[in-house]
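The lines below spell out each chain.
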Amino acid sequence: MKSKFYNMSGLSLIEILVGIVISSLMMAAIYTTYSVVNNSYSQVASRANISASGRNVTSMLIRELRMAGFRYYADTLKFDDGKGIYGTQNNHYPIIIMDSVYDEGDGFVNGSRCCDRIDIVYGDYDLHTTPKFKRYKVIYFAGKENEYFNLYKVKQIWDDAAERWNYVYGGVSGREINKNDAELLRKYLVEMEFVPIDEKGEKIATPLTVDDNSNRLSDIRTVDVKLTFRSKDDFYKKKKIRRAIEALKSNTRDVAHSDKYLRDSVVVSIHTRNVSN
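Residues numbered from 1 in each chain as written. Predicted model: local features only at pLDDT ≥ 70, side-chain atom pairs only at ≥ 80, totals over all residues. Heavy atoms only, no water.

Caption draft 1: Expanded view of the packing of aromatic side chains. Inspection of every chain in the model, using the stated rule, returns 10 aromatic pairs. Considering the side-chain rings of F141 and Y152, the 5.7 Å spacing of their centres and the 20° angle between planes classify their relative orientation as stacked. In this pair, F141 sits in strand β5 (residues 133-145) while Y152 sits in strand β6 (residues 148-159), placing the two residues 11 residues apart along the sequence. Through a chain of ring-to-ring contacts, three or more aromatic side chains come together here, namely F70, Y72, Y125 and F133. Over the ring of Y136 we find K155, and its NZ or CZ is 4.6 Å from the ring centre. (Phe/Tyr/Trp six-rings, centres within 6.5 Å; stacked < 30°, edge-to-face > 60°. Helix = DSSP H or I, 4+ residues; strand = E, 2+ residues; numbered from the N terminus. Lys NZ or Arg CZ within 6 Å of the ring centre and 35° of its normal.)

And the structure:
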């Protein structure tokens, strides 16, 4: 009976240790491979996300800038030039561009770089409502949050009886535009520029508002748009990268940072086919 136990064989301590070492090496190799693949995927996803954000916002701007100034022939809604008792915010001009302004939370301030603001006005028609003719104002602007900027959008509709702009979604009518009443489109905005071009292909001076260069408000034929976003987290893992991004308007607004963020810019020219004298 005892002889049977003496004849049984198994693994020695050395063999077990060798197996543990081999398994550890295999696990380390698998983890290293996973880390490399995961980091590559994260970088590709981050780059794709930033590019998609720029394209999505640009698509909205293309659609709305092409509509700027449009109204139906029989449109009877009042036109406000912004110089009356309701002030400049009440104007109905197709395109208004303000240079280097952003909302800090308690009002707009001038910034040295970021970002331009654009107001776009266009008409529409709804057979099932009264009044049937509509007029909308869409506003794109930057708002500051901590050390970075976000891109916001506001949409308003003209109340002809009250002679004022009302918010389509939320917001307090009669109050100055601010980020608390706006829709957040995208975080980590680096720069946003709008450059109006006349029929001769020459730049129109900005700001282009009721008070500044108002004689050129109807001369816009094209708007060059540039949007720059950055990644939320560090993109470059090993060292800081210095990348210079030239501005469309002035070299004082060139972007040149030394950090690990990825920045992506979209530049497009949009024909404003409904703006004219």
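Caption draft 2: Local environment of a nonpolar patch on the surface. A cluster of nonpolar side chains, contributed by L13, I16, L17 and I20, occupies part of the molecular surface with about 380 Å² of accessible area. Residue L13 is classed as exposed on the basis of its relative accessible area, which comes to 62%. (Patch = residues over 30% accessible without salt bridge, like charges linked within 9 Å, V, L, I, M, F, W, Y side chains within 5 Å. Areas by Shrake-Rupley, 256 points an atom, 1.4 Å probe, with all protein chains shown as cover. Salt bridge = Lys/Arg side-chain N within 4 Å of Asp/Glu carboxyl O. Buried < 20%, exposed > 50% of the residue type's maximum accessible area, 1.4 Å probe, protein only.)

Caption draft 3: Structural view of the nonpolar core. If you look at the biggest cluster of nonpolar residues, it comprises 39 residues, and the most contacted ones within it are L61, L65, I95, I118, L189, F194 and V225. Contributions of two or more residues to this core are made by α2 (13-67), β1 (95-98), β4 (117-125), β5, β6, β8 (183-197), β9 (222-230) and β12 (263-271). Setting aside its immediate chain neighbours within four residues, V225 contacts L61, L65, E193, F194, L248, V266, V267, V268 and I270. Counting 6 residues, the second-largest nonpolar core is a separate cluster that includes F141, Y152, V154 and I177. (Core = buried A, V, L, I, M, F, W, Y, C linked by side-chain atoms within 4.5 Å. Contact = heavy atoms within 4.5 Å.)

Caption draft 4: Local environment of the pattern of salt bridges. Summed over the entire model, instances satisfying the criterion amount to 11 salt bridges. Across the pair E191 and R253 runs a salt bridge whose closest N-O atoms are separated by 2.9 Å. Of this pair, E191 sits in strand β8 while R253 sits in the loop between β10 (241-245) and β11 (255-259); the two residues are 62 residues apart in sequence, bridging distant segments of the chain. R253 matches E191 in its accessibility class, with the two residues each being buried. When salt bridges with common partners are traced through the structure, they connect D99, D116, E191, K249 and R253 into a single cluster.

Caption draft 5: Structural detail: unusual backbone geometry. Cis geometry is found at the peptide bond from T130 to P131, where omega equals -5°. Secondary-structure assignment places P131 in the loop between β4 and β5. With an omega of 10°, the peptide bond running from T206 to P207 counts as cis. In this fold, P207 is placed in the loop between β8 and β9. Phi is positive for N146, close to 60°, though the residue is something other than glycine. Judged by its relative accessible area of 59%, N146 is exposed. If you check the backbone angles, Y188 has positive phi at about 60° while not being a glycine. Inspection of the secondary structure assignment puts Y188 in strand β8.

Caption draft 6: Quick peek at the side chain of R230. Residue position: R230 is located in strand β9. Apart from residues no more than four positions distant in its own chain, R230 is found in contact with I50, Y148, R186, Y188, V190, Y261, L262 and R263.

Caption draft 7: Representation of the side chain of E64 within the structure. Checked against the element boundaries, E64 lands in helix α2. A polar contact is formed between the side chain of E64 and the side chain of Y140, at a distance of 2.4 Å. Each residue touching E64, except ones within four places of it in the same chain, is listed here: I120, Y122, V138, Y140 and K153. (Polar contact = N/O pair within 3.5 Å; in protein donor to acceptor, adjacent residues only side chain to side chain.)

Caption draft 8: Highlighting the state of the cysteines. Scanning the entire structure with this criterion turns up 1 disulfide. The disulfide partner of C114 is C115, and the S-S distance across this bridge is 1.3 Å. Between C114 and C115 the disulfide shows an S-S torsion of about -75°. By sign, it is left-handed. (Disulfide = S-S within 2.5 Å.)

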